[in-house]
Structure formats: structure tokens, C-alpha cells
Amino acid sequence: MQHPILSVRNLVVEIPTRHGILRPVDQVSYDIHAGEILGVVGESGAGKSMTGNAVIGLLDRPARITSGEILLSGEPIHNKRPDELRRLRGKTMGMIFQDPLTSLNPLLTVGEQLTETIQEHLNVSNAEAQDRAVAALEEVGIPAARARINSYPHEFSGGMRQRVVIALALCAEPDLIIADEPTTALDVSVQAQIIALLKRLCRERGVAVMLVTHDMGVIAEAADRVAVMYAGRLAELGPVRDVLTTARHPYTSGLMASTPLASQGQKRLRQIPGSMPRLGNLPQGCAFSPRCEFAQDKCRANPTPHIQDGDGRAACWFPLSANSEQEVDA
Amino acid sequence: MLAYIIRRIIQSIIVLLAVGFVAFAMFNFVGDPVDNMLGQERTQADIERLREQLGLDKPFIVQYWHFLEQAAQGNFGLSYRQGRPVADIISERLPATLELAFVSGLLALFGGIALGIFTAIRRRGISANVIMTLSLIGVSLPTFLIGVILIYVFSVELGWLPSFGRGEVVDIGGWSTGFLTVSGLKAMVLPAITLGLYQMTLIMRLVRTEMLEVLRMDYIRFARARGLREKSINFRHALKNTLVPVITITGLQLGSIIAFAIITETVFQWPGVGLLFINAVQFVDIPIMAAYLMMISVMFVGINLIVDMLYFAIDPRLRVDRSSGGH
Ligand SMILES: Nc1ncnc2c1ncn2[C@@H]1O[C@H](COP(=O)(O)OP(=O)(O)OP(=O)(O)O)[C@@H](O)[C@H]1O
Ligand SMILES: [Mg+2]
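Residues numbered from 1 in each chain as written. Chains lettered and ligands numbered in written order. Predicted model: local features only at pLDDT ≥ 70, side-chain atom pairs only at ≥ 80, totals over all residues. Heavy atoms only, no water.

J.: Quick question: what am I supposed to make of the site of ligand 1 here?
T.: Residues and elements named next belong to chain A. The environment of ligand 1 is made up of 14 residues, and the closest members are Ser44, Gly45, Lys48, Ser49 and His214. A distance of 2.8 Å separates an oxygen atom of ligand 1 from a polar atom in the side chain of Lys48. Within the side chain of His214, an N or O atom sits 2.7 Å from an oxygen atom of ligand 1. Taking 650 Å² as the accessible area of ligand 1 by itself, protein coverage stands at 63%. (Near = heavy atom within 4 Å. Polar contact = N/O pair within 3.5 Å; in protein donor to acceptor, adjacent residues only side chain to side chain. Areas by Shrake-Rupley, 256 points an atom, 1.4 Å probe, with all protein chains shown as cover.)

J.: Where do I start with the domain arrangement of chain B in this structure?
T.: Interface size is commonly expressed as the accessible surface area that is lost when the partners come together. Residues and elements named next belong to chain B. Looking at chain B, the domain boundaries give domain 1 (2–72) and domain 2 (86–321). Just the C-alpha atoms count here: the centres of domain 1 and domain 2 sit 33 Å apart. Listed per partner, the contact involves 14 residues of domain 1 and 15 residues of domain 2. Each partner contributes to the roughly 1400 Å² buried at the junction of domain 1 and domain 2, and carbon and sulfur atoms together form 85% of this total. Contact with domain 2 buries surface across domain 1, with Arg8, Leu16 and Met26 losing the most and accounting together for 33% of the total. Counting the contacts that link domain 1 with domain 2 gives zero salt bridges. Taken together, the connections running from domain 1 to domain 2 amount to zero residue pairs in polar contact (both at pLDDT 80 or more). (Domains from an automatic or database assignment. Contact = heavy atoms within 4.5 Å. Buried area = accessible area lost by both parts, 1.4 Å probe. Salt bridge = Lys/Arg side-chain N within 4 Å of Asp/Glu carboxyl O.)

J.: Quick question: what am I supposed to make of the interface of chain B and chain A here?
T.: Contact residues are listed per partner, giving 25 residues for chain B and 36 residues for chain A. Contact between chain B and chain A buries roughly 2800 Å² in total, counting both sides, with carbon and sulfur atoms accounting for 55%. Run the count over chain B and chain A and you get four salt bridges. In this structure, Glu116 of chain A engages Arg236 of chain B in a salt bridge whose closest nitrogen and oxygen atoms are separated by 2.7 Å. For the pair chain B and chain A, the interface holds 17 residue pairs in polar contact (both at pLDDT 80 or more). Elements with a contribution of two residues or more to the side of chain B that touches chain A: α9 (218–225), α10 (230–267) and α13 (316–319) of chain B. Looking at the side of chain B that touches chain A, its residues break down into eight nonpolar, six polar and 11 charged. (Helix = DSSP H or I, 4+ residues; strand = E, 2+ residues; numbered from the N terminus. Nonpolar A, V, L, I, M, F, W, Y, C, P; charged D, E, K, R; others polar.)

J.: Can you help me understand the sheet that holds strand β8 (residues 208–212) of chain A in this one?
T.: Residue and element names in this part refer to chain A. Reading across the sheet, the six strands line up as β6-β7-β8-β3-β9-β10 and stay open at both edges, with mixed pairing between neighbours. Here the strands that pair on one side only, and so sit at the sheet edges, are β6 (93–96) and β10 (233–239). For this sheet, the mean angle separating the axes of adjacent strands, direction not counted, is 15°. Across four bridges, strand β3 (residues 37–41) lies against β8 in parallel orientation. Looking at β8, one finds that Gly39 is bridged to Leu211. Relative to the sheet, helix α7 (residues 158–170) contacts β6 and β7 (176–180), its axis offset from that of β6 by approximately 165°. (Pairing = 2+ DSSP bridges. Axes fitted to C-alpha atoms, helices over the stretch in contact; angles between N-to-C directions.)

J.: So what exactly am I meant to see when it comes to the packing of α7 of chain A against helix α8 (residues 188–205) of chain A here?
T.: Two numbers describe a pair of packed helices, the interaxial angle and the distance between the axes. Residues and elements named next belong to chain A. For the pair α7 and α8, the least separation of the axes is 10 Å and the interaxial angle reads 20°. The angle between α7 and α8 falls in the class roughly parallel. Crossing handedness for the pair α7 and α8: right-handed. Where α7 abuts α8, its residues Gly159, Gln162, Arg163, Ile166 and Leu170 lie against Val190, Gln193, Ile194, Leu197, Leu198, Leu201 and Arg205. A per-class count over the contact of α7 with α8 returns seven nonpolar, three polar and two charged. (Parallel < 35°, antiparallel > 145°, perpendicular 65-115°, else oblique. Left-handed = near helix turned anticlockwise from the far one by under 90°.)

J.: How should I be thinking about the sheet that holds strand β2 (residues 20–32) of chain A in this particular structure?
T.: All names here are of chain A. The four strands are arranged β2-β1-β4-β5 in an open sheet whose pairing can be described as antiparallel. Two strands in the sheet have a free side with no partner beyond their single neighbour: β2 and β5 (75–76). One ladder, built from two bridges, connects strand β4 (residues 64–72) with β5; its direction is antiparallel. Bridged to Leu72 within β5 is Glu75. The strands touched by helix α1 (residues 48–56) are β1 (6–17), β2 and β4; relative to β1, the strand with the most contacts, the crossing angle is about 110°.

J.: What's the story with the pairing of β4 of chain A in this structure? I'm lost.
T.: Looking along a regular strand, one sees side chains alternate from face to face of the sheet. All names here are of chain A. Alignment of β1 against β4, held across seven bridges, turns out to be antiparallel. In the sheet register, Glu14 faces β4, and the bridge partner there is Arg64. Connecting the antiparallel pair β4 and β5 is a turn made up of two residues, with Ser73 showing a positive phi of about 45°.

So this is what it looks like as C-alpha cells:
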């Protein structure tokens, strides 16, 4: 059987603090296959970036992985030494950050940053690295790439810069890209172009993409499957159509109702009452139970089971059915 | 860029005119030069003749212009005390100060940058924390005290290095250098450390702060995410960005080394222009004081100008015309 490119199994990230240990990522499991885009959504602080950083091995101290597994094409990487992990970064997995304005070193030309990355991972001559750099820029749609290779980042517009960032993340041909809100800092007009670009690269190259975003429109447009995170845990995981149209977890349903989404028509936006609990102060049972209109005693007393691919879609004791959602709306 | 440089040069000229005015005013308001130059036995005719000779009978503004004209040619008249041209006296003394400033400047710059990088990269390590603590002491101790302590330890107690003077010097085309003799080099050690230590700790702390700031930037994180080595991240990505702001301040620090040399030269009886200035103050030797003031300000302004241009050379964002930036 073909291994998924990325396989996260019961991942736990912990942060020791003076007031006890926090778990920004708690028993998270998911797979991403070649050529697939997994959208990751959830409120601010839900642990989306923390999960991505854990996968690529760039957790900031004092956060660290305390249990669970991360497998890249079947090979465990969560227990690798820092230098082994460094070799994998860029070469087999890449990351794209939110702000293209600050992601590029202002004092090095685009070409210098590309060739240093290429030569770090691939054993090629200077000339060959230069050619590959130009090809990488062409692939992400930078016009006159050969002429622009000696330009500095500030000579590109925001959207072009994010293209350069993507070229940098892809230039050593990784199998996995973690894109942490790659369009949030961009003009609305260029957001769609960048998403289209990611989608195309994913299809053409068979790259697996973890796409973190707050934008349901982006999810609907680009993702194959979607993972909904709440307070460090997976709330729901499933094919994008199903999750968007018939959410099983009340949180997902609330999240949909609070985001404008063209495909949903002109329904009035509803806000989920309350706010996500702080990590140091999680309720005993289901983390969402204090805000959930369907919560019962069982929800408040017992933590919900953790979900995995193909193993229940929502971490909820009383998942919504298509019918019950209609009742909510009525 | 040309417009910018021209603007900076005009600013520099204004600064120099102002300093020139202060120097010139000293002649007129601090004591009477004629009194100073003529001995006890003088006639009214002597006084008149000298006043005319020195141009002191002319209107104020004409005198100022004349002063500037002469100063621009390095001519500050005769020393009241030695009766010799100030320019000659200063040029005899200048090599000693410049060599001392040069060595301490190098020490401060390279020591400061190296230690700054080290303490930033190893910010949790024990040695980095020891260095940081020592640097606090270094900053708070006055220069003369450091000099005296060094003299006590290395000259008095250990007897390794001389406590005063320049040692033997070799004259090369009017430039007396201490670099070519063993005693000259030995004599350089303690004064250079004394003079450079304070600047070195400042540069070190600045580099450290700046480097820690840069290491938190997104592009460093992105460089890590691309799998670059720590060495390349620290020295290629972080250091270059650290140096941009460091250069300005460092440049000014190095300029101030020459001014600070006064204290060190006094402690070590180093025969440079600083010691010359201190002696001139004691004897109210106005021409020497004025010349020293002008010289120091020219250096400051010049260094400032060079620093600005370095800034251009390092940071490509400043190099392009504003209009062609972005697209
Ligand atoms: N050093 C730390 N100490 C304590 N808590 C921390 C620390 N670093 C992160 N956290 C917490 O970890 C949680 C997860 O943060 P993360 O950045 O992954 O959220 P996110 O889902 O990416 O949010 P956003 O949408 O705002 O980017 C947050 O609740 C945050 O408060
Ligand atoms: Mg985030």
C-alpha cells in the first residue's frame, strides 16, 4: 500500500509554564496524500500553526512534541536529531508563511536566496543552480524570470513576493508543503491567484499541501479535505464538500454560519456565543461544551473520543445529522 | 542618491561653520591674545602693530572670514606658548593619536562584533552570560580607572608592559610610527585597551541586541524552514542585517575614540594631540585649542559622511530611486 506523504498520529505538543503544562496540540491525527490539499481551519489560537511547526520541526521553545508520531512517506521524523531534521526541511518538506513582505531576506537577491537553498539540498554546480532558480521562478509565474533573478525582494510587489516565497519553498522539490495562511497578508485580488498557483503546483507535482487558513472561501475553492481544530484538538475531519454542507460537529456548523461563503447563499451570519477557552483553563469534558447549544451532561463530563481518518468524522458525542441541522436553522 | 549626498555635504559644512565660529570666538573672548603674546615689557606701539598684524583691528565678520580662510588651509597661527606654527605642532603629535585610535578602533570593532555575535547566538550559555556581566562592569567603570588598574596590574605588579609614553618610534617621511619597534608595540597595548574597551562593550551590546532582534524575524524562520545551516543563517542572513543599523552607531563611536583619547593620553602620558590639548588648556594656548576643536569636528563630520555612504553600499533598499521601487 502507498504511504500517505504525511501521516500525523496522536500528536501532542506541550508547553510547560509556571501554571502547569499547556497542550496547544492534543492527540491530533491526520493524513495527507500526494497531490492532496488538506485545509486546516479553526479560531485563532486553536493550534493550527503549532501543528504545522511541529511537523516541520520548528517549534519555538519551550513548546515540544511529547508524544505521538509524524511519518513522512512512512518514515518517522518526530524522533530525528536536529541536523537530520534540518536536511529534510526544504528537501522533503517546505513551509510558506503568512507575510511575504517579511519572509524574504531584504539584503540578498532573490537569485541568491534561491541558489543557496538549491545548493544546500541538491549537489549541483553554480550554473545549474542558477538555471534551476530561473526555472523555479518561471514555474510560479514570475515574468522575465532570468532578468529578475538579480532583483532584491523590495523590487517585487506583494503578490509577486509570495510567488517568490513559494518558489523558494519548492525549489528543492519537496513532497510536502505547509502553507500557514499564505494569502492572509495579501490583497484580495491576488489571493485567488496565489491559491490557484498552489493548487496547480499540487496537481502537477503531486505535492501534498497542508493549507492553514481562516478563509472558508479558500477552503471551498482549494481543499480536498478539511480538518477543523478547536482548543488544540481535531473537532472534525472529512471531505470538504461534506464538511461544508453537512457539518457534523456543532462547532463546525457554528463556524460555517459565522463565515460568509458564496456557495451558501445569503444566509444571515451568526456568531458562536462565547469564546474559545484558554489552554490553561479547559473544561473537563468536550472543550466546546460550554458554548454548545446541544451540550448534555455526558458532554460536560467526558472528553470526546479523538478522531482519525475514516474513523468517525466529528469528535462529538451527539454529532449533528443533516436533519438536525435544518432544525437549528429553522 | 547624488542629491542625498549633496544635502549631507551641505549639512556638514554648516556644522563646521558653527564649530569654526566657536573656535574663533575663543580668540576674542577668552583672554587677550596680544597680552599673551607680548611679554611684560611692551609699548603701546608694539600692541598696535601686533593687533594690525593679527588683523584684530578689522570688523568682527571680516576677522571671522579671515579665520575660516586660514583654518581651511590648516593655518591656525602661532602657539602662544611655543611660538611655533600650530599646524607644525599638531602634525608632530597627530601620528601618536591616530595610531592609538586606529588600534583601539580595530579592537573595539572586531572585538565588539565578535563578542556580540557570540553572546547572541549562545544567549543561554554560561560564557555568554559571564561576558554580558563583565561588559556591564566595563561600561560603568570610568576610563581613567580602567587605565590605572591596567597600569597597576601589568606595569607595576607584573612589569610586563610600560606604563607611559610611546616607546621607541621610527620616523617615516615625517610620520613617527610606533608600529615598527618592539617597545613601540608594547607601549601601545595598555592605552589601546583602555581607550577601546568602553567602545567595544558598547558595540558588543549593540550587536547582540540587534542580532537577537534579527534572529526573531520571519526571514530567519523561513531560512530555517528551507533547511539552511545554522552557520549560514547566523553569518549570512542574520549578521548582514544586523550590521546595517550597527554601522551608523559604530562609525560615530569610532569618531568619538579620537575625542576620548584625551583621557587615555593623559593617564598614559601618550604624546598625542589629546595630551597636547590638555596642556594647551592649562596654559590657555587658544590657537592650539581652536585647531584641536576644528580638527575633531572635521573628523566627526567626515566619519559621519562615510558612514552614511556605507549604509548605501550595504542596504539595497536605499540604493534604488524611490520611484522605481516596486511595480
Ligand atoms: N510560549 C507559549 N506559552 C503559552 N502558550 C503559548 C505559547 N506559544 C503559543 N501558545 C498558545 O498555543 C496556542 C496555539 O497557537 P497557534 O499559533 O498554533 O494558533 P493558531 O491556530 O495558529 O492561531 P492563529 O489563527 O491566530 O494563527 C495558542 O492558544 C497560544 O496562546
Ligand atoms: Mg497561526
